[in-house]
Amino acid sequence: MFRNTVCCLLFAQAEMTIMRKRRSFNDKRRLMEPVNQEALDSIVDIIRYGGNPEHKRNPGDFGLTPPAQPRPDKSLCDEIGVFRKAEAERILRNGIKRGLVSERWSQGFPQNIWSVTADGKPVEAQLENAALGVYHGYPMPQSDYFAQAVRQRWSETDG
């Protein structure tokens, strides 16, 4: 009896650990102030979206290896309807055009780019290859306090 109870408790604890969502977010994220539009114009046509299988349930046309490997603690692009690479790149470029980039840059590219989808969902992209300007992105959870700053800046800029 004791052995079965211990096994069940250990299994339940492991299952809760696997299914746990992120509780904290990077509090060092900052939007570029003031926006250097000249720097942004120089990269808007260079950046690319690479994707990350951890943020995909449906691999779409991203060409990822493995095609999809969703993790329970990651937000999924599927949740906001982004299944095509061209759409992901359009969303990424819209963020640059509106100046939603981080203060921190690496090798000529912002570490983060934020944007908002056509139906108002904030997204965040991280630089994954600074030499090539390749990003992967994901929807920002509602619990992420920085999503409000992204929506605010988005509403203050022209598209």
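Because the structure is predicted, anything quoted here is derived from the model rather than measured. (Residues numbered from 1 in each chain as written. Predicted model: local features only at pLDDT ≥ 70, side-chain atom pairs only at ≥ 80, totals over all residues. Heavy atoms only, no water.)

The next thing to look at is the environment of D45. Counting through the fold element by element, D45 comes out in the loop between α2 (37-43) and β1 (48-49). In sequence terms D45 and E89 are 44 residues apart; their C-alpha atoms lie 9.9 Å from each other. (Helix = DSSP H or I, 4+ residues; strand = E, 2+ residues; numbered from the N terminus.)

Ordered by their spatial adjacency, 4 strands build an open sheet running β1-β6-β5-β4, and the pairing between neighbours is mixed. Both outer strands of the open sheet, β1 and β4 (112-116), are each paired with one neighbouring strand and no more. The sheet contact formed by β1 and strand β6 (residues 134-139) spans 2 bridges and is parallel. Its bridge partner being in β6, Y49 is matched across the sheet by Y135. Relative to β4, helix α4 (residues 146-156) is tilted by about 65°, and along the sheet it contacts β4 and β5 (122-129). (Pairing = 2+ DSSP bridges. Contact = heavy atoms within 4.5 Å. Axes fitted to C-alpha atoms, helices over the stretch in contact; angles between N-to-C directions.)

Summed over the entire model, instances satisfying the criterion amount to 6 salt bridges. A salt bridge links R93 to E89, with the nearest nitrogen and oxygen atoms 3.7 Å apart. Note that R93 and E89 are positioned in helix α3 (residues 85-97) at a spacing of 4 residues, about one turn of the helix. Per residue, the accessibility class of R93 equals that of E89, and both read buried. Connected through shared salt-bridge partners, R29, E124 and D144 make up one network. (Salt bridge = Lys/Arg side-chain N within 4 Å of Asp/Glu carboxyl O. Buried < 20%, exposed > 50% of the residue type's maximum accessible area, 1.4 Å probe, protein only.)

A few words now on the packing of aromatic side chains. Inspection of every chain in the model, using the stated rule, returns 2 aromatic pairs. Between W114 and F146, the ring centres sit 4.9 Å apart and the planes meet at 55°, which makes this aromatic pair tilted. Pair noted here: W114 is in strand β4 and F146 is in helix α4, with a separation of 32 residues, a long-range link. A residue is classified by how much of its surface remains accessible, and F146, at 7% relative accessible area, is buried. Ring geometry for Y145 and F146: centres 6.3 Å apart, planes at 80°, overall edge-to-face. Note that R29 overlies the ring of Y145, its terminal NZ or CZ placed 5.5 Å from the centroid. The lysine or arginine in question, R98, covers the ring of W154, its NZ or CZ lying 3.8 Å from the ring centre. (Phe/Tyr/Trp six-rings, centres within 6.5 Å; stacked < 30°, edge-to-face > 60°. Lys NZ or Arg CZ within 6 Å of the ring centre and 35° of its normal.)

As a further point, take the confidence of the model for the protein chain. Mean pLDDT over the protein chain works out to 82, with 82% of the residues at or above the 70 mark. In the predicted structure, residues 2-22 sits below a pLDDT of 50 and forms 7 contacts with residues beyond four places in sequence or in another chain. (pLDDT = per-residue confidence, 0-100.)

Our next topic: the pairing of β5. Here β4 pairs with β5 via 5 bridges, running antiparallel. When the sheet's bridge partners are listed, I113 is paired in β5 with A125. Taking the residues between adjacent antiparallel strands as the criterion, β4 and β5 are bridged by 5 residues, where G120 takes a positive phi near 85°. Two elements, β5 and β6, share 6 bridges in a ladder whose sense is antiparallel. Counterpart to A125 in the pairing with β6 is G137. Between β5 and the antiparallel strand that follows it, β6, lie 4 residues; G133 among them carries a positive phi value of about 70°.

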